[in-house]
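Observations on chain architecture
Each chain, letter by letter, is given below.
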Amino acid sequence: MTMPEDFGHGKAGGAAPHTPRSISGKKMGEAVYDTAADAPVEQVIEHATDGTEGAVQADGMGCHAPGEQMEAQARAAGNGAVLDQFAKDYPRGPHDKPESMCPAFGSMRVGLRMRRVATVLSGSACCVYGLTFVSHFYGARRSVGYVPFNSETLVTGKLFEDIRDAVHEMADPARYDAIVVTNLCVPTASGVPLRLLPKEINGVRIVGIDVPGFGVPTHAEAKDVLAGAMLNYARQEVAAGPVPAPAAGRADRPTVTLLGEMFPADPMMIGAMLAPMGLAAGPVVPTREWRELYAALDCSVVAAIHPFYAAAVREFEAAGRPIVGSAPVGVDGTHDWLAAIGAAHGVPAAQIAAAQNAFLPAIRGALASAPIKGRITLSGYEGSELLVARLLIESGADVAYVGTACAGSRWNAADRDWLEARGVAVKFRASLADDLAAADGLDPDLVIGTTPVVQHAKQKGTPSLYFTNLISARPLMGPAGAGSLGEVVNAAIAGKERMDRMRDFFEGVGEGDTAGIWEGDPNLRPDFRANHQKKLDKQARAAKAQEMI
């Protein structure tokens, strides 16, 4: 196994890496700013010595292959049951797949945030490079294991043997409680059987998961793939005998496990709201260490704060735990959520009312102190979009559209009904085209969305906020959440005049092919475009004719 520095040595096509060019061998006219190219680069190139080099043909299943082709190959390789479960847990439609980052980033992030858990990836080098880059960009401070492959090791089964050797080498109980091995698109399509890995080595748990881009729609739902796999493993451990208690000891009251990542202050606020009912906030799933999984299973009720954790819900239901959807956001949401949690645990009505009366006035006061005026369209891929929309509406905003990359489920049905009763257009599995159409057609004062949506709105001079960094990274629950959005939202709406000045300043600079400053007229060459379009049309007709055959 190699680590990220060796990414160039494991491309799926089996080609040897190019020899890096040093400064002394630079092309004429090449600008050189430092001596980085002189740094020695260790290259490990293994050549076959048994006469088989070149005998194994590439299977053509590179990461660039169409999703339908890779899915068909995965089913032929024996992974049909895995894909069928994905389709059941994460239903798609009306289009094939929302535009999102590689889904494996979600499961990878869950593993990297856990203490004493190692992460190993098996996939095309370009994919592994991109995933590790993004993970470190988001603050991961650990190495990511990588088992490289080429066409020969992929089709002969040697890749699985390499993965098995790697986990045996890494399984040090002094360092790790668990090792998570993730198959990306190409190994999944080729049927690399992680299920055949040992379940435990030297006391270190081995968890193998497949997270192909053609099977898991979004990175949010990929978090559930790993969370569900870990809960399944932990549930079997609990059934087999005693397990370690939480580091802080067991709670002295029945607990409510919180399903879904959230702002760090939210679990504490939820705990305060549960206290009058004799309940306590339990662990947040995905957890930060393995033994928290046992505490999460040892709960009275599970709160599905984020609605897309289908695999995790399946494990909790197998453990006999009731599930409650939605979340304590705003006045209506908090009132209904406390009532549902209390009913699921069998709390007397008087105690439920006491909890509601203790916090609802504070929430009303917080909302009144930070009113929001203006029309807003909102979209994202975190899974909390409907909750944020509820909070904005109770703050006074006119929310015209909510789009989420996640699917509708029974756990967000109440939120959908609440929003639609107030005239909000709710779109599950929303595409980028859906979000852009809402931003263009509903004349919002503020657009909250993903990076391309925000960019589009700013180019038009419409104030906009990035959902992930500026909205979801704030408390949403209880009184703390009620007043958290007013300042940032109102400040953005108030910046409309500044956005207009910026748009006017850059007017005429151009966009698309004419972007930038030109000394003469841009050389557009529409004849080239027309010829290229004819080629594309011809290819489409040929493909259609082939389908008919």
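The rules behind the values
Residues numbered from 1 in each chain as written. Predicted model: local features only at pLDDT ≥ 70, side-chain atom pairs only at ≥ 80, totals over all residues. Heavy atoms only, no water. Helix = DSSP H or I, 4+ residues; strand = E, 2+ residues; numbered from the N terminus. Expected span 1.5 Å × (residues − 1). Buried < 20%, exposed > 50% of the residue type's maximum accessible area, 1.4 Å probe, protein only. Arc of directions from axis to C-beta. Contact = heavy atoms within 4.5 Å. Core = buried A, V, L, I, M, F, W, Y, C linked by side-chain atoms within 4.5 Å. Axes fitted to C-alpha atoms, helices over the stretch in contact; angles between N-to-C directions. Parallel < 35°, antiparallel > 145°, perpendicular 65-115°, else oblique. Left-handed = near helix turned anticlockwise from the far one by under 90°. Nonpolar A, V, L, I, M, F, W, Y, C, P; charged D, E, K, R; others polar. pLDDT = per-residue confidence, 0-100. Pairing = 2+ DSSP bridges.

Some thoughts on helix H3 (residues 125–137)
Its 13 residues place the ends of H3 18 Å apart at the C-alpha level, agreeing with the 18 Å of an ideal helix rising 1.5 Å per residue. Among the residues of H3, Ala125, Val128, Leu131, Thr132 and Ser135 are the ones counted as buried. Down the axis, H3 shows its buried residues gathered within 130 degrees of arc, on one side only. Opposite its buried face, H3 presents the exposed residues Phe133 and Phe137, each directed more than 90 degrees away. Summarising the contacts, the buried residues of H3 are in contact with helix H2 (104–112), strand S1 (117–122) and strand S2 (145–146).

Structural notes on the nonpolar core
Core analysis: the largest hydrophobic core is formed by 78 residues, its most contacted members being Ile179, Leu259 and Phe316. The element that contributes the greatest number of residues to this core is helix H7 (residues 219–240), accounting for nine residues. In contact with leucine 259, other than residues within four places in its own chain, are Val285, Val302, Ala303, Ala304, Ile305, His306, Tyr309, Ala312, Val313 and Phe316.

Some thoughts on the packing of H2 against H7
Direction vectors running N to C along H2 and H7 enclose 50 degrees, while the axes themselves pass 6 Å from each other. Classified by the angle their axes make, H2 and H7 are oblique. Handedness of the H2/H7 crossing: right-handed. Facing Phe105, Gly106, Ser107, Val110 and Gly111 of H2, the residues of H7 in contact are His219, Ala222, Lys223 and Leu226. A per-class count over the contact of H2 with H7 returns four nonpolar, four polar and one charged.

Considerations on the confidence of the model for the protein chain
Put simply, the protein chain has an average pLDDT of 85, and 86% of its residues get 70 or more. Note that residues 2–29 has pLDDT below 50 and, in this model, 52 contacts with residues that lie over four places away or in other chains. Throughout residues 41–60 the model reports pLDDT below 50, and contacts reaching past four residues in sequence, or to other chains, amount to 23 contacts.

Details of the environment of methionine 114
Among the secondary structure elements, methionine 114 is positioned in the loop between H2 and S1. Note: C-alpha distance between methionine 114 and alanine 178 (64 residues apart in sequence) is 9.7 Å. Apart from residues lying up to four places away in sequence, methionine 114 is in contact with Arg142, Met230, Thr287, Arg288, Glu289 and Trp290.

Looking at the sheet that holds strand S8 (residues 301–303)
Within the open sheet, the four strands sit side by side as S7-S6-S8-S9. Their pairing is parallel. Among the strands making up the open sheet, the edge pair consists of strand S7 (280–285) and strand S9 (323–324). Note: strand S6 (residues 255–259) against S7, four bridges, orientation parallel. In the sheet register, leucine 258 faces S7, and the bridge partner there is valine 284. Packing of helix H8 (residues 265–274) onto the sheet brings it into contact with S6 and S7, and relative to S7 it is tilted by some 150 degrees. Of the strands in this sheet, S6, S8 and S9 touch helix H11 (residues 330–345), which is tilted by about 155 degrees from S8.

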